[in-house]
Amino acid sequence: MPSIRDFVQYAPVTSRPPVRWPGGKRLAVWIVPNVEFYEYTPPPAIGRETWDRVPVHPDVREYGFRDYGNRVGIWRMDEVLREYPVRPTVSLNLALLDHFPEIAQLIRDRGWAVMSHGLYNTRFLYGMDEAQERAFYRDNIDSLKRHTGGDLQGILTPAITNTARTPALIAESGMTYHADWVHDDVPVPIHVPGRRLVSIPYSYDLNDAPLWDGRPYGARYFVDACKAAFDRLYAESSDGGRVFCVALHPYQIGQPHHVGHLREVLDHMAGHDGVWWATGDEIARHFLDHHHDEHVAHAQEIEARRVARPKQAVVRAPRPVQDMQPGPWPAERRHGYDHPHCTWSPWPSRTPLRWQAPGQLAVVPLLVLEAYEDPLPENWPQVHSVGGGLIRDFPNISRVSTREYGHRVGIFRLLDALRRRGIKPTVAIDALSAECYPDLLDRLQQDGAEFVAHGISVTRPQTSRMSVAQERAYIIETLERLAACGVQTRGWFGADYSESTLTPQLLGEQGVQYLSDWANDEQPYRMSTPGDLVATPLWADFDDQTVLINRMCDPVILEDHFGKALRQLNRDAVQSARLLHFCVRPWVLGSSARIALFERVLDVAQSLDQVWMPRLGEVVDAWRAAQQAR
């Protein structure tokens, strides 16, 4: 398949037929303990390493840590689960049933549902040919039948190592659901010719292992995030059923210092009416029986509208092309910068800035809509924080579905939060997002959004490997493709702040009026480029992906820093105007676990006497007017 999006058609959460769960229940909750077997000396892995802490196996520390879950943790976890009306769906390395028959007996005695997590957690699908992968699923199915008598209905592939054949082959084997996708809060049909398959929302955010295995998140964060996500989904489920997943690992949650956190999460959920304590099998079966076909038809209708949507004619007057010499420009020990894009302007030398506006502290969240391509475009260097790390074979479901969640669900939470507070959005959008999500584009325009050009896609960044002609063509192509979708832009924000040594010059040449890549000031400033380009600096310390995903900062710390910055800048703005401009990605702050943080930040901002919350172009206009007044 040419793209991962061929597996799933787009349908925004705002327009889908509502899902209704059995008995009038509103929120389906499935608890997924991952019961795994890590081999002491696994065979060589293909595509990624199993454990890379040591140069060769065994890694006794990591082996023992995970084995603890099977020797001790699972039994402690079971004691807690039995106190609640939950029937877990075990994500199981099925070879474990042969190694540890006592765990097989536990599964039978408790009546737990089982979905496959492969045979061993150290053996991946990468490198298998079609016959091997087909035999792999047959082994999974036969293993479960032999030990429990049950029929295997679903799979979370080992380490999320899908091949392009995986959806079709698991459907062919008789399974009905795939749990690798985290792109939605309800089941979503997956396209498999001649069969029916559905994705059931799993969770990487509410998952004890990735949160605690070598990362700085504590158990308190896990509990708070689970509660916040549950509360948001429970509230939203009044308009149609949602799915809430908590993913566990006995080697983590079964620890004596962690098991109480599981009890706290379950206590919180058990205190709500309308919860359907379901298994993956039950969720998939109900959706397939009652909702699958109407959701397929709805997504096909949206796709047909997208394909039929006429492109607008684009007439762009040619602009004079200047001869430009790119860097590098090694620094020379003289006054000023080591580049030609702007002049050095230390704070004490500036005249106080005053703009004619309701407040002197402009606060502008930049909603960032970016298309992540899979497979990655060939011969295109990646920005490490976006696509250059953890590159996996196609399809990279974990990375793409995480980001796709923002376009399907998260963006609408952000827009609702802004609308309820009377704030019109500023949206950075790349050409592929504008072309692939016209329904979303319509909603943004209805909300009065101002658009900022964001390149072709986040996986096609600008770098100094481009020639001047190539980058000039890239900028022109971006602006023309956006204009053909009806998106008029004055500004530019590069894919994850990416630039070459000549990007500001080339943007100014093409008539772009403002640029948000530079994170170096608290006020707009003029750039030394052709045209009249103004820098509208973004704050890297408040970029949600940078802080929460790349730096893995606790959201409590980010919220605390927001509050402190807003109050300090509110005081500073009395003397000279300020701009707090920061990135908000729908798949990060638009998630059910984090949206309340974004709303609280907006509320703090609006409580301050100097705060003005315009669109970004209005700040630029106010800055230009202030310069003219001087």
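Look a little higher up for the structure.
What you see is a predicted model; the values in this text were computed from it and never measured. (Residues numbered from 1 in each chain as written. Predicted model: local features only at pLDDT ≥ 70, side-chain atom pairs only at ≥ 80, totals over all residues. Heavy atoms only, no water.)

### Regarding the overall build of the chain
Phase 1: Each helix and strand in the chain was counted, giving 21 helices and 18 strands.
Phase 2: In terms of overall size, the chain behaves like a compact globule, its C-alpha atoms giving a radius of gyration of 26 Å where 630 residues would be expected to give roughly 25 Å.
Phase 3: When its C-alpha atoms are laid out on the principal axes, the chain stretches across 80 × 50 × 50 Å.
Phase 4: By residue count, 60% of the 630 residues in the chain fall in the buried class.
Phase 5: Looking at the chain alone, contacts between residues at least 24 apart form 76% of all its contacts between residues at least 6 apart.
Phase 6: Looking at the chain as shown, the accessible area adds up to about 25,100 Å², and 50% of this sits on carbon and sulfur atoms.
Phase 7: Taken together, the 67 basic and 79 acidic charged side chains of the chain have centroids lying 3 Å from each other. (Helix = DSSP H or I, 4+ residues; strand = E, 2+ residues; numbered from the N terminus. Rg over C-alpha atoms; globule rule 2.2 N^0.38 Å. Buried < 20%, exposed > 50% of the residue type's maximum accessible area, 1.4 Å probe, protein only. Contact = heavy atoms within 4.5 Å. Areas by Shrake-Rupley, 256 points an atom, 1.4 Å probe, with all protein chains shown as cover. Lys, Arg positive; Asp, Glu negative; His and termini not counted. Charge placed at Lys NZ, Arg CZ, Asp CG, Glu CD.)

### Details of unusual backbone geometry
Phase 1: Here the bond from His57 into Pro58 is cis, since omega is 10 degrees, no more than 30 degrees from zero.
Phase 2: Locating Pro58 in the fold gives a position in the loop between strand S1 (27-35) and helix H1 (60-81).
Phase 3: Pro375 follows Asp374 through a cis peptide bond whose omega is 5 degrees.
Phase 4: By secondary structure assignment, the location of Pro375 is in the loop between strand S10 (361-369) and helix H12 (384-388).
Phase 5: The phi torsion at Ala159 lies on the positive side, around 60 degrees, for a residue other than glycine.
Phase 6: Residues other than glycine seldom take positive phi values, yet Asp496 does so here, at roughly 50 degrees.
Phase 7: By the secondary structure assignment, Asp496 is in the loop between strand S13 (489-492) and helix H17 (503-509).
Phase 8: A residue is classified by how much of its surface remains accessible, and Asp496, at 13% relative accessible area, is buried.

### Side note on the pattern of salt bridges
If charged atoms from side chains of opposite charge come close, those side chains can pair.
Phase 1: Evaluated as defined, the whole model comprises 54 salt bridges.
Phase 2: For Arg53, the salt bridge identified is with Asp59, shortest N-O distance 2.8 Å. (Salt bridge = Lys/Arg side-chain N within 4 Å of Asp/Glu carboxyl O.)

### As for the packing of aromatic side chains
Phase 1: Tallied over the full model, the rule gives 22 aromatic pairs.
Phase 2: On the basis of an interplanar angle of 80 degrees and a centroid distance of 5.6 Å, the ring pair of Phe230 and Phe244 is categorised as edge-to-face. One end of the pair, Phe230, is in helix H7 (residues 219-236); the other, Phe244, is in strand S8 (residues 242-248), and 14 residues separate them in sequence. Like Phe230, the residue Phe244 is buried in the burial classification.
Phase 3: The interplanar angle of 40 degrees and the centroid separation of 6.3 Å between the aromatic rings of Trp380 and Tyr474 together place this pair among those described as tilted. Remark: Tyr474 occurs in helix H16 (residues 468-484) and Trp380 occurs in the loop between S10 and H12; sequence separation between them is 94 residues.
Phase 4: What links up through ring pairs into an aromatic cluster is the set Trp539, Phe542, Phe562 and Phe582.
Phase 5: Stacked on the ring of Tyr38, the Lys or Arg Arg66 has its end atom at 4.9 Å from the ring centre.
Phase 6: Lying across the ring of Trp587, Arg403 places its NZ or CZ 4.4 Å from the centre. (Phe/Tyr/Trp six-rings, centres within 6.5 Å; stacked < 30°, edge-to-face > 60°. Lys NZ or Arg CZ within 6 Å of the ring centre and 35° of its normal.)

### Comments concerning empty space enclosed by the protein
Phase 1: Within the structure shown, the criterion is met by three cavities of 30 Å³ or more.
Phase 2: Roughly 60 Å³ of volume is contained in the largest cavity.
Phase 3: Taken together, Glu36, Phe37, Tyr38, Tyr63, Arg66, Asp67, Asn70 and Phe100 make up the lining of the largest cavity.
Phase 4: A class-by-class count of the residues in the lining of the largest cavity yields four nonpolar, one polar and three charged.
Phase 5: Of the pockets and cavities examined, the second largest cavity occupies roughly 40 Å³.
Phase 6: Every residue lining the second largest cavity is listed: Asn34, Val35, Glu36, Tyr38, Arg66, Gly69, Asn70, Pro250 and Tyr251. (1 Å grid on protein atoms, 1.4 Å probe; cavity = no way out; pocket = protein on both sides within 12 Å on 5 of 7 lines; lining within 4 Å. Points joined across faces, edges and corners; volume = space filled by probe spheres on them. Nonpolar A, V, L, I, M, F, W, Y, C, P; charged D, E, K, R; others polar.)

### Considerations on helix H21 (residues 616-629)
Phase 1: For H21, with 14 residues, the first-to-last C-alpha span of 20 Å sits near the 20 Å given by 1.5 Å per residue.
Phase 2: Listed as buried for H21 are Leu616, Gly617, Val619, Val620, Ala622, Trp623, Arg624 and Ala626. (Expected span 1.5 Å × (residues − 1).)

### Concerning the side chain of Asn140
Phase 1: Mapped onto the fold, Asn140 is located in helix H4 (residues 130-148).
Phase 2: Reaching out from Asn140, the side chain makes a polar contact with the backbone oxygen of Phe136 at a distance of 2.6 Å.
Phase 3: If we skip the residues at most four places from it in the chain, Asn140 touches Leu94, Ser116, Gly118, Leu119 and Leu152. (Polar contact = N/O pair within 3.5 Å; in protein donor to acceptor, adjacent residues only side chain to side chain.)

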